[in-house]
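Tertiary structure, described
As a plain string of letters, each chain reads:
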Amino acid sequence: EDFYEDMKISGNNYGPSFAILDKVFYGDFVGFTKMKLPDISASMPYGSMRPHTLHPIVLDAASHLGLILFKKFISNSPIVPVNMGEILISADITSKPGDELFVAATQEKESDRSALGNIHVYQKGLDGNLKTVLRICQGQLRAIGDSQTDQKDVPFSKQVAFRMAWGTDPQFLTEGMFLHRIAN
């Protein structure tokens with residue numbers, strides 16, 4: 001969607017596993033969207049998946065609505081979350097690929113480079129009514145770097161200063177996996 005392209009231009013780039021919001025609606029420091037849960041195990045090493053109540057991809061994607069509001073109403077700079085006052089997660093939250101979660105957010109401007117916000121995530125219950133399954137209260141976002149509106153404004157090619165390397169998690173290793181690893 002356009003909002004992920006806008007975020008990429010200004011310094012926040014999300015790959016396909018993380019860019020899961022659909023049709024963002026927003027007004028004056030409020031927003032609404034929905035996300036479709038991806039098949040997270042398909043992108044994991046060896047197709048493995050720990051039995052998370054809430055996978056970090058879902059928590060991260062829920063926070064994207066706050067990032068979008070920040071970029072629209074505060075600053076178009078790269079953004080980082082710096083504090084979360086409280087996170088409440090329901091044990092009933094779905095993790096089934098293809099299920100939809102509905103996200104609502106509010107935000108208050110603290111300064112030209114900072115905002116506080118609340119995010120509420122809902123899912124349809126068995127009765128068809130929405131119920132709260134995740135709340136992020138008093139989440140603080142802060143702008144870092146300079147605002148960019150277009151790639152032509154960037155005077156040089158940005159170099160990425162980090163790299164994600166997937167490897168075997170020694171805490172997740174089974175005995176068979178360990179023996180296979182050392183035999184090769």
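Since the model is a prediction, treat every value here as computed from it, not as a measurement.

Cut-offs used in this document
- Residues numbered from 1 in each chain as written.
- Predicted model: local features only at pLDDT ≥ 70, side-chain atom pairs only at ≥ 80, totals over all residues.
- Heavy atoms only, no water.
- Pairing = 2+ DSSP bridges.
- Helix = DSSP H or I, 4+ residues; strand = E, 2+ residues; numbered from the N terminus.
- 1 Å grid on protein atoms, 1.4 Å probe; cavity = no way out; pocket = protein on both sides within 12 Å on 5 of 7 lines; lining within 4 Å.
- Points joined across faces, edges and corners; volume = space filled by probe spheres on them.
- Nonpolar A, V, L, I, M, F, W, Y, C, P; charged D, E, K, R; others polar.
- Salt bridge = Lys/Arg side-chain N within 4 Å of Asp/Glu carboxyl O.
- Buried < 20%, exposed > 50% of the residue type's maximum accessible area, 1.4 Å probe, protein only.
- Expected span 1.5 Å × (residues − 1).
- Bend = angle between axes of the 7 residues up to and from the residue.
- pLDDT = per-residue confidence, 0-100.
- Contact = heavy atoms within 4.5 Å.

**Comments concerning the pairing of strand β1 (residues 21–27)**
Where β1 and strand β2 (residues 30–36) come together, five bridges link them in antiparallel fashion. Bridge pairing links Gly27 to Val30 in β2.

**Considerations on empty space enclosed by the protein**
Applying the stated criterion across every chain, the model contains two cavities of 30 Å³ or more. Taken as a whole, the largest cavity encloses approximately 140 Å³ of empty space. For the lining of the largest cavity, the elements supplying multiple residues, two or more each, are α2 (56–73), β3 (79–89), β4 (100–111), β5 (114–124) and β6 (130–143). Looking at side-chain class alone, the lining of the largest cavity contains seven nonpolar, nine polar and no charged residues.

**Quick look at the pattern of salt bridges**
Applying the stated criterion across every chain, the model contains three salt bridges. The partner of Lys131 in a salt bridge is Asp92, and the shortest N-O contact between them spans 3.3 Å. Of this pair, Lys131 sits in strand β6 while Asp92 is found in the loop between β3 and β4, placing the two residues 39 residues apart along the sequence. Taking relative accessible area as the criterion, Asp92 reaches 48% and is therefore assigned partly exposed. The salt bridge involving Lys109 is made with Asp112; its shortest N-O contact spans 3.1 Å.

**Considerations on α2**
Quick reminder: α-helices carry 3.6 residues per turn. Residues three or four places apart thus point the same way. Look at α2: 26 Å from first C-alpha to last across 18 residues, which is about the 26 Å you get at 1.5 Å a residue. At Leu65, α2 shows its maximal bend, which comes to roughly 25°. Along α2, 13 of the 18 residues are buried, which leaves the element largely enclosed by surrounding structure.

**Quick word on the confidence of the model for the protein chain**
Low pLDDT means the predicted coordinates in that region are not meant to be read closely. When pLDDT is averaged along the protein chain, the result is 82, and 82% of the positions lie at 70 or above. Mean pLDDT values for the elements of the protein chain range from 76 in helix α3 (residues 175–183) up to 96 in β5. Segment residues 153–161: pLDDT under 50, and three contacts once partners within four positions in sequence are set aside and those in other chains are kept.

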